[in-house]
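Notes for the structure review
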Amino acid sequence: MAQTHLKPSKLDPVWDRILREAEEAIVAEPLLGGVIHGCVLHHKSLEAALAYRMSQKLASSEMSEQILREIADEAYRSDPSLGAAARADIVAVTDRDPACHRFIQPLLYFKGFQAVQAYRLGHWLWQQGRRDFAYFIQMRTSELFGVDIHPNARIGQGIMIDHAHSIVIGETAVVGDNVSMLHSVTLGGTGKEEEDRHPKIGDGVLIGAGAKVLGNIRVGHCSRIAAGSVVLHEVPDCTTVAGVPAKVVGEAGCAQPSISMDQLLPTGKNE
């Protein structure tokens, strides 16, 4: 008797958990069944769900959902790193945001996560030479989420932007992996120069609410920028800076500030 060899399905624990949470959410709140089916359960992969979600959110009277869906589907199909980054971002938000308890929440409800995924689509378009469409995505992301990220900026994986109101990230900015920032953060320039003019943020950095990092300066790995600070000079690795202008006030206090999310200044340095 011939044996049937079943091809194992691709392991995707993030998507599998989102599917389970979607089914549980419908049981708990049946009135959201249509939304959750449309955004999650009707799709075969996280990439497909993201393409649907992004096209729904970014569509307007100027650009149809169908065209945006085709663009997003093409992006996720041709560049697997987009899906990988989205999974890392979901895990980051769930791990670091105390208001997030399920993987499904960023996908459905959190504008910080959604804005970063919209930026990633715009960045993909920019890399394809489709700059006007990339600018359109930037414009809609700013209008919809209050997050203005230039499509040429380079942003790593595992990004968490909490609350995500009034975020500005400039054209030549670089943000490393596993970075956390709160609302009203600016990674900007210092004038009208047109060359490399924006900050370079290392891996594992925590940027507090309202902080401004200005100019082509480096913020070292695993450092902390206190809320409300204005950073104008390079920040060494594993340090905490605070003030206007910001100065070093101590060590970072832990190995991974962006994960611990501890925003208190070192003892004796916060007077």
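Structure: above.
This section reports on the structure supplied with the text. Predicted model only: the values in this text are computed from it and were never measured.

The subject of this paragraph is the overall build of the chain. Secondary structure assignment for the chain yields nine helices and 15 strands. Relative to the compact-globule value of 18 Å for 271 residues, the chain shows a C-alpha radius of gyration of 20 Å, a close match. Structurally, the chain occupies a C-alpha span of about 75 × 45 × 40 Å along its principal axes. With 271 residues in all, the chain has 52% of them scored as buried. At a minimum sequence separation of 6, the contacts of the chain that also span at least 24 residues come to 46%. Split by element, the accessible area of the chain, about 13300 Å² in all, is 54% carbon and sulfur. A gap of 1 Å separates the mean positions of the 26 positive and 32 negative side-chain charges of the chain.

Here we come to the packing of helix H4 (residues 65-78) against helix H5 (residues 80-96). Across the interface, H4 lies against H5 with an axial gap of 4 Å and an inter-helix angle of 95°. Viewed along their axes, H4 and H5 adopt a mutual orientation that is roughly perpendicular. Of the residues in H5, those in contact with Ala75, Tyr76 and Ser78 of H4 are Pro80, Leu82 and Gly83. Grouping the amino acids of the contact of H4 with H5 by side-chain chemistry returns four nonpolar, two polar and no charged.

Time to look at a nonpolar patch on the surface. A contiguous nonpolar patch, built from Leu32, Val35 and Tyr109 and spanning about 260 Å² of accessible area, is present on the exposed surface. Tracing the sequence through the fold places Leu32 in the loop between helix H1 (13-28) and helix H2 (33-41). On the basis of relative accessibility, which here comes to 33%, the residue Leu32 falls in the partly exposed class.

For the rest of this paragraph, the subject is the pattern of salt bridges. All told, the structure shown has ten salt bridges when counted by the stated rule. With its nearest N and O atoms 3.4 Å apart, the salt bridge here joins Asp73 to Arg69. Here Asp73 pairs with Arg69, and both are found in helix H4, just four residues apart, close to one helical turn. On the basis of relative accessibility, which here comes to 26%, the residue Arg69 falls in the partly exposed class. Glu143 is the salt-bridge partner of Arg140, the closest N and O atoms lying 2.9 Å from each other. Here Arg140 and its partner Glu143 are both found in helix H8 (residues 131-145), three residues apart, which amounts to about one turn of the helix. Overall, Arg140 belongs to the buried group, its relative accessible area being 11%. Glu143 sits in the exposed class, given a relative accessible area of 51%. Here the salt bridges share partners, and the residues they tie into one network are Asp12, Glu47 and Arg87.

Next up on the list: the sheet that holds strand S5 (residues 174-175). Strand order in the open sheet made by the four strands is S2-S5-S8-S11, with parallel pairing throughout. In this open sheet, the two edge strands, each paired with only one partner strand, are strand S2 (154-155) and strand S11 (218-219). The sheet contact formed by S2 and S5 spans two bridges and is parallel. In the strand pairing of S5, Ile155 is matched with Val175.

Our focus in this paragraph is the state of the cysteines. For the coordinates displayed, the defined rule picks out zero disulfides. Just so you know, Cys222 is unpaired, no disulfide at all, and the nearest cysteine sulfur is the one on Cys238, 5.2 Å from it. Accessibility expressed as a relative area gives 12% for Cys222, which makes it buried. In this structure Cys254 is not part of a disulfide, and its nearest cysteine sulfur, from Cys222, lies 8.1 Å away. You can call Cys254 partly exposed: its relative accessible area is 29%.

What follows deals with the nonpolar core. Counting residues in hydrophobic clusters, the biggest one holds 78 residues, and the most contacted among them are Ile18, Val40, Ile169, Met181, Leu187, Ile201 and Ile207. Leave out the neighbours within four places in its chain, and Ile169 touches Asp148, Ile149, His150, Ala153, Ile155, Met181 and Leu187.

Conventions and cut-offs
Residues numbered from 1 in each chain as written. Predicted model: local features only at pLDDT ≥ 70, side-chain atom pairs only at ≥ 80, totals over all residues. Heavy atoms only, no water. Helix = DSSP H or I, 4+ residues; strand = E, 2+ residues; numbered from the N terminus. Rg over C-alpha atoms; globule rule 2.2 N^0.38 Å. Buried < 20%, exposed > 50% of the residue type's maximum accessible area, 1.4 Å probe, protein only. Contact = heavy atoms within 4.5 Å. Areas by Shrake-Rupley, 256 points an atom, 1.4 Å probe, with all protein chains shown as cover. Lys, Arg positive; Asp, Glu negative; His and termini not counted. Charge placed at Lys NZ, Arg CZ, Asp CG, Glu CD. Axes fitted to C-alpha atoms, helices over the stretch in contact; angles between N-to-C directions. Parallel < 35°, antiparallel > 145°, perpendicular 65-115°, else oblique. Nonpolar A, V, L, I, M, F, W, Y, C, P; charged D, E, K, R; others polar. Patch = residues over 30% accessible without salt bridge, like charges linked within 9 Å, V, L, I, M, F, W, Y side chains within 5 Å. Salt bridge = Lys/Arg side-chain N within 4 Å of Asp/Glu carboxyl O. Pairing = 2+ DSSP bridges. Disulfide = S-S within 2.5 Å. Core = buried A, V, L, I, M, F, W, Y, C linked by side-chain atoms within 4.5 Å.

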